[in-house]
Structure formats: C-alpha cells, structure tokens
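# Per-entry structural report
The residues making up each chain are set out below.
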Amino acid sequence: MYFIRRYRVKDSQFLIMQISNNIHKYHEIQLNILTFYKKEYYFSIGGTYYIEKEPVYTTASTGKQDWSRTVRKQMPLIQSKNGVNSFVFTKFEVRTSTPNYTKEITQINRFCVYEAFKRLGWLYVPYMPEEAGPHPDIKTSIRIVQNKFSITNDDRKKSLFRSMNDMLEYMDCKTSDKQFYFGTDDFDYVWEKLIDRAFGEKDKDKYFPRSRWLLDYGNYKEKRPLIPDTIIIYNDKYYILDAKYYKYGLTGIPDHLPNGSSINKQITYGEYLEKYKNIDTKSLFNAFIMPYNMAKNYFNMTSFVGNVGEAIGDWRYNKKYYERIQGIVIDTRYLMYHYSGKPVKEKVALAESIESVLGRNKIQITKESSAVPYEEIKTIDPMVAEDNNSYDID
C-alpha cells in the first residue's frame, strides 16, 4: 500500500477484494474516494466537516444590508432640506450566516469521513475522527448528495459530492460478512518506479533518441523521446533496463516473456548510445527486469537476482553485448525492502547478473538472410517451461 500511494498508480485505482459467503467479488474504486476527505478537503479546512450555513438577519448600523427587509421593518428619519423631504435609515436589516450542524448533508459527510479514515486513514496519519453518529440510510444519503451535486456550481464542492457519492454507492452494494484486501490492477507502474528508484540515473532522458513529425500543415511537432524505464551508469559501464511486470518469473512459461517490439526497442536504445553518444559497445548492456520469488520458483534460484536467458533480434548479427538483452529476475519482496538509498550491494549484484552475457557462447544466428529457421532451434534449458498444464495454469 505504501508503494501504491508513493508512486501514484495510474488513475490511483485500487482493487478491493470482497469475500462474502465464499463468493469472491471485486469492486474497483478510485483512490480519491477514500482520500479526498483526508488530503484534499478534510485537512485543508482544518480538520472540520462540510457544513452549510443558514442565513440570519439582525438589526445593525453596518453590514450587508437587505433593503427589502429594512424598508419593511425599520422606521426611517425624515429629513427636510431645501423643501425636499428624504428618508434616512440609521438602522438596517443585515444578513449574516450561522453554521447548521444538524443538516443531513453534514451528517452524511461525517459518516463518509469516518469510513474513509477507518479504511485508509492509517496510510496518512495515526489520527482517527470520532464516530459519525446518526445519519440517513445509504440510499437516502445517495439521493441527497446527488441533489447537492446537481445544484452547485462550485468545482471544489462538486469534487467533494462526487467522491461522497462514489463511496456511498460502493458501500450500498456491500454485505455485512466480508473481508477487505486492498491492491491495484496497475502494479506494473509501481514496479517500474521501484526499479528506477533503486538503480536508475535521474537525467536518463538525455541518453535516448527523439523523433518528430515534419508536417505539411502547421508547425513542426517534436515528440517525446524514447525513454526506457531505467539506465544505470556504474564503473563506466551503461546498463539499459526495461522493467517488465510479467508473469515469467512466476510461471516459467515463454509466452510470458517480453515480445518482439520490446526486444527491438531495447536494441534501438543501445544502437543510439553507441552511434550518437559514442559509448563503447564493450561497456554497453541491455536487460529486461522481471519479478520473481526467490523462496519458491521454477529456476531453483535462491539469490534475490538472477539471469534466466537472453533475447536477440534475428535482424541483427548479435555480436555486440547490447544486442543480447538479458532476462533478469529480481525478488519483489527483497526489492521493496531495499530499494531506497541507491543500494550499492544490490546494484553490483544486478550488474554482475547482466554481465553474464560475457560468459555466454557466441550467437550462431546472424542476420535474417542466414538465420537458422525457427523449427531448427531447440530449447535445452530445463528451467524453461514447455507445458502450461504442469503449472496448473489456465
């Protein structure tokens, strides 16, 4: 949960797994439903609730004057000047406002704040607000909040009412007997950020190729550069990493490895560094970084990092190290506990694992014109799965 919050998962989407009567149900809700009160609204206004104010009129000599009420309720003085009479008011009906803590919308807001803190408040602060107290039932609350949303023009209030409505609708479909599991469908984004935070250079974008459209109409348009997830510079060597949150480390099934477009893109990165940044090819390496479990895996490996093979492009001669993209697996739990502070020991171990390419046999496949046909290439590595059924995977 810490990493999901820290690295801002795409659309901040959580997956809540609900177990009820042995039936698994899944509810996708947006993170802002549960955090809007704490971060964007509740704390921003001093830890108070949404409270509407009732108009109150008093008699005073200054303030926001309500002339229709003043004319009806106050007696003016008559002043004569140059034969002309005029009315002079010394007291006015003045409009003020006072908070109404008993309104249903405030009761609903207190309920939503309490529920939000109960579920995710511990991610932010140890503080827990008091219980909500009496409030309308869920379906009535939804109707009240939707009505408030429809009649307000304040964008901030609209965001609040939308979040309240989403949360209430989620709670409306829950059952009383259940357990919650919080997670995300987009952990691939977290995985990329973890790898980059642990090993990467901050200014990596200067090392990678840019492209642009030369338009026949309008201005030339420069596009964002091709930027891989991470680049490591260590001992005057360059390691181009592409973090792939793929299942191969769990299943051992080749279909769960990066595909041809990813392979060719990594080769392009390496070629650009060689030709346009003058990086020595003997100091330039490529790797995919995938998760695995060092305590239980199909490779019989026990280290937090390991090398499971390499990917090549048949259109290359594959004589240069960067043309042979190494398949690296890293233990997810280990990385989550050691990612901070640019860990040197872990960086050395990763570099050594990638440099396993130095001890591999030369690639006999050259360019496509002389490539060995696919049907003639035999897999002899016993660590690679040949049959999905052996892993009880659909």
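See above for the structure.
Residues numbered from 1 in each chain as written. Predicted model: local features only at pLDDT ≥ 70, side-chain atom pairs only at ≥ 80, totals over all residues. Heavy atoms only, no water.

It is worth spelling out the packing of aromatic side chains at this point. Aromatic rings in a pair are described by how distant their centres are and how their planes are angled relative to each other. In the structure shown here, the tally under the stated rule is 12 aromatic pairs. On the numbers, 6.4 Å between centres and 70° between planes, the contact of Tyr-207 with Phe-208 is edge-to-face. Owing to a relative accessible area of 12%, Tyr-207 belongs among the buried residues under this scheme. Residue Phe-208 is classed as buried on the basis of its relative accessible area, which comes to 2%. With 5.9 Å between their ring centres and 65° between their planes, Tyr-207 and Tyr-238 make a pair best called edge-to-face. One end of the pair, Tyr-207, is in the loop between α7 (187-199) and β8 (212-213); the other, Tyr-238, is in strand β11 (residues 237-243), with 31 residues separating them in the sequence. Each member of the pair, Tyr-207 as well as Tyr-238, carries the same accessibility label: buried. (Phe/Tyr/Trp six-rings, centres within 6.5 Å; stacked < 30°, edge-to-face > 60°. Buried < 20%, exposed > 50% of the residue type's maximum accessible area, 1.4 Å probe, protein only. Helix = DSSP H or I, 4+ residues; strand = E, 2+ residues; numbered from the N terminus.)

One finds Ile-195, Leu-241, Ile-289, Ile-330, Leu-335 and Leu-350 to be the most contacted residues of the largest nonpolar core, which totals 25 residues. Mapped onto this core, the elements with two or more residues apiece are α7, β11, β12 (284-292), β14 (325-331), α10 (332-338) and α11 (344-354). What Leu-350 contacts, discounting residues up to four positions off in sequence, is Phe-199, Ile-232, Leu-241, Ile-289, Val-305, Ile-328 and Ile-330. Ile-108, Ile-142, Ile-144 and Tyr-170 belong to the second-largest nonpolar core, a separate cluster that totals 18 residues. (Core = buried A, V, L, I, M, F, W, Y, C linked by side-chain atoms within 4.5 Å. Contact = heavy atoms within 4.5 Å.)

What follows covers the sheet that holds strand β13 (residues 305-311). In any sheet, the strands associate via hydrogen bonds between backbone groups, in a parallel or an antiparallel arrangement. Strands sit in the order β10-β11-β12-β14-β13 across an open sheet of five strands; the sheet is mixed. Every interior strand has two partners, whereas the edge strands, β10 (230-234) and β13, have only one. When the angles between neighbouring strand axes are averaged without regard to direction, this sheet yields 30°. Across five bridges, β10 lies against β11 in antiparallel orientation. Among the inter-strand pairings, Ile-233 is bridged to a residue of β11, identified as Tyr-238. (Pairing = 2+ DSSP bridges. Axes fitted to C-alpha atoms, helices over the stretch in contact; angles between N-to-C directions.)

Below, the discussion takes up helix α6 (residues 155-172). Between its first and last C-alpha, α6 extends 25 Å over 18 residues, near the 26 Å set by a 1.5 Å rise per residue. Listed in full, the buried residues belonging to α6 are Lys-158, Leu-160, Phe-161, Ser-163, Met-164, Asn-165, Met-167, Leu-168, Tyr-170 and Met-171. (Expected span 1.5 Å × (residues − 1).)

If you trace the backbone, Arg-110 turns up in helix α4 (residues 104-120). In this structure Arg-110 touches Tyr-49, Glu-130, Glu-131 and Ala-132, once residues within four positions along its chain are discounted.

What follows covers the pairing of strand β4 (residues 77-81). In terms of residue burial, β4 counts as a barely covered element, since only zero of its five residues are buried. Examined bridge by bridge, β4 and strand β5 (residues 84-88) share five bridges and lie antiparallel to one another. From the neighbouring strand, Ser-80 faces β5, where its bridge partner is Asn-85. Between β4 and β5, which pair antiparallel one after the other, the connecting turn spans two residues, and Asn-82 there sits at a positive phi close to 55°.

On to the environment of Ile-142. Structurally, Ile-142 is set in helix α5 (residues 138-151). Sequence separation between Ile-142 and Asp-172 is 30 residues, and the spatial gap between their C-alpha atoms is 9.1 Å.

In this structure the tally under the stated criterion is 11 salt bridges. Ionic pairing is found between Lys-206 and Asp-203, a salt bridge with its closest N-O pair at 3.0 Å. A residue is classified by how much of its surface remains accessible, and Lys-206, at 44% relative accessible area, is partly exposed. In this structure Asp-203 comes out as partly exposed when scored by relative accessible area, which is 33%. Between Glu-323 and Arg-316 there is a salt bridge, with its nearest N and O atoms 2.8 Å apart. An identical accessibility class is assigned to Glu-323 and Arg-316; each is buried. (Salt bridge = Lys/Arg side-chain N within 4 Å of Asp/Glu carboxyl O.)

Here we come to the packing of α5 against α6. For any two helices packed against each other, one specifies the crossing angle of their axes together with the interaxial distance. Between α5 and α6, the shortest axis-to-axis distance is 9 Å and the interhelical angle comes to 160°. Between α5 and α6, the crossing angle belongs to the class labelled roughly antiparallel. In this structure, the crossing between α5 and α6 has a hand that is left-handed. Between α5 and α6, the contacting residues are Ile-138, Lys-139, Ser-141, Ile-142, Val-145, Gln-146, Lys-148 and Phe-149 on the first element and Lys-158, Phe-161, Arg-162, Met-164, Asn-165, Leu-168, Glu-169 and Asp-172 on the second. Across the contact of α5 with α6, the residue classes break down as seven nonpolar, three polar and six charged. (Parallel < 35°, antiparallel > 145°, perpendicular 65-115°, else oblique. Left-handed = near helix turned anticlockwise from the far one by under 90°. Nonpolar A, V, L, I, M, F, W, Y, C, P; charged D, E, K, R; others polar.)

On to unusual backbone geometry, then. Located in the positive-phi region is Asp-236, a residue other than glycine, with phi close to 60°. A residue is classified by how much of its surface remains accessible, and Asp-236, at 69% relative accessible area, is exposed. Phi angles above zero are rare outside glycine, and Asn-278 is one such case at about 55°. By the element assignment, Asn-278 lies in the loop between α9 (260-276) and β12.

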